[in-house]
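Coordinate inspection notes
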Amino acid sequence: NMEKSYSTEIENLEDLNRYLNKEIGISDWFEMTQDQANSFAELTQDKQWIHIDQEKAKLYSPYKKTIAHGFHVLSFASQVVFQTLKINNVALAVNYGLEKVRFPNATPAESKFRGKVSLINIEDVEGGAKYTFKIVFEVEGETKPVCVAETISLIYSMPN
């Protein structure tokens, strides 16, 4: 996939409305190393062989190698949004939560992944808005995404 990474920069929060149901950016590629997969397994105390045991994965995994935990990839969501959207009059942005998450594919260790972001919902809140971004995480060389997530952010603009 030869699409280049890009981001959208806007002056005012209200301008984001023009991007409803449109793609707003594609992040840079992130590396998923075996060391990172091991650290995440350690951190979350989820040490299944599929994530950390390369010998066993060679034998039993359908991918023939270890894979990163799906939530490890998902943990890059805010970085992906940060890379793909810049709003110049924002005072505060708060990650509000997740709406829907699915993991249609796996992220093998020693691969690269990135996120494509689109804006799918806007609700006004006092002083700002609640935005739902859809992030499609893809792995280099694969057509089926590894994670599709909807993240909700509260974004407040600076008072004039």
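All figures in this text were calculated on a predicted structure; none of them were measured in a lab. (Residues numbered from 1 in each chain as written. Predicted model: local features only at pLDDT ≥ 70, side-chain atom pairs only at ≥ 80, totals over all residues. Heavy atoms only, no water.)

**Digging into a nonpolar patch on the surface**
Defined as follows: To count toward a patch, a residue needs a relative accessible area above 30% and no salt bridge. Like charges then connect within 9 Å, nonpolar side chains (Val, Leu, Ile, Met, Phe, Trp, Tyr) within 5 Å. All accessible-area figures derive from a Shrake-Rupley calculation using a 1.4 Å probe, and residue coverage is judged against the displayed protein chains alone. Salt bridge, as used here: a side-chain nitrogen of Lys or Arg that lies within 4 Å of a carboxyl oxygen of Asp or Glu. Runs of H or I in DSSP of at least four residues are treated as helices and runs of E of at least two as strands, each being numbered from the N terminus. Buried means the residue's accessible area, taken with a 1.4 Å probe over protein chains only, is under 20% of the maximum for its type, while exposed means over 50%, and partly exposed covers the values in between.
Together, Phe71, Leu98, Val101 and Phe103 make up a nonpolar patch on the protein surface, roughly 330 Å² of accessible area in all. Looking at where Val101 falls in the secondary structure, it is placed in strand β6 (residues 90-102). Assessed through its relative accessible area of 31%, Val101 is described here as partly exposed.

**Comments concerning helix α1 (residues 34-44)**
Given 3.6 residues to a turn, an α-helix orients residues that are three or four positions apart in the same direction. What counts, and what does not: This arc is built from the directions going out from the helix axis to the C-beta atoms. Whether two residues are in contact is decided by their heavy atoms: any pair within 4.5 Å suffices.
Looking only at α1, the buried set comprises Gln34, Ala37, Phe40 and Ala41. In an axial view of α1, the angular spread of the buried residues amounts to 125 degrees, which keeps them on one side of the axis. Of the residues in α1, the exposed ones pointing more than 90 degrees away from the buried face are Asp35, Glu42 and Leu43. Packed against the buried residues of α1 are β3 (30-32), α2 (49-52), α3 (54-60) and α4 (70-74). With its phi angle positive at about 55 degrees, Gln45 sits one or two positions after the end of α1.

**Description of the environment of Val73**
Tracing the chain through its elements places Val73 in helix α4. Through-space distance from the C-alpha of Val73 to that of Ile120 is 21 Å; in sequence the pair is 47 residues apart. Dropping the residues within four chain positions of it, Val73 is found in contact with Met32, Thr107, Phe113, Phe137, Val146 and Cys147.

**Here's the deal with the packing of aromatic side chains**
To be explicit about the condition: A pair of aromatic rings is counted whenever rings of Phe, Tyr or Trp (Trp by its six-membered ring) have centres within 6.5 Å, and the orientation is called stacked for planes under 30 degrees apart, edge-to-face for over 60 and tilted otherwise.
Following the criterion strictly, the structure yields seven aromatic pairs and no others. Centroid distance Phe76 to Phe113: 4.9 Å. Interplanar angle 85 degrees. Geometry classified as edge-to-face. Residue Phe76 is found in the loop between α4 and α5 (77-84), and its partner Phe113 is found in strand β8 (residues 111-125); the two are separated by 37 residues along the sequence. The two residues Phe76 and Phe113 agree in class, both being buried. Centroid distance Tyr131 to Phe133: 6.3 Å. Interplanar angle 20 degrees. Geometry classified as stacked. Here Tyr131 matches Phe133 in class, with each residue buried. An aromatic cluster of three or more residues is present, and its members are Phe30, Phe76, Phe113 and Phe137.

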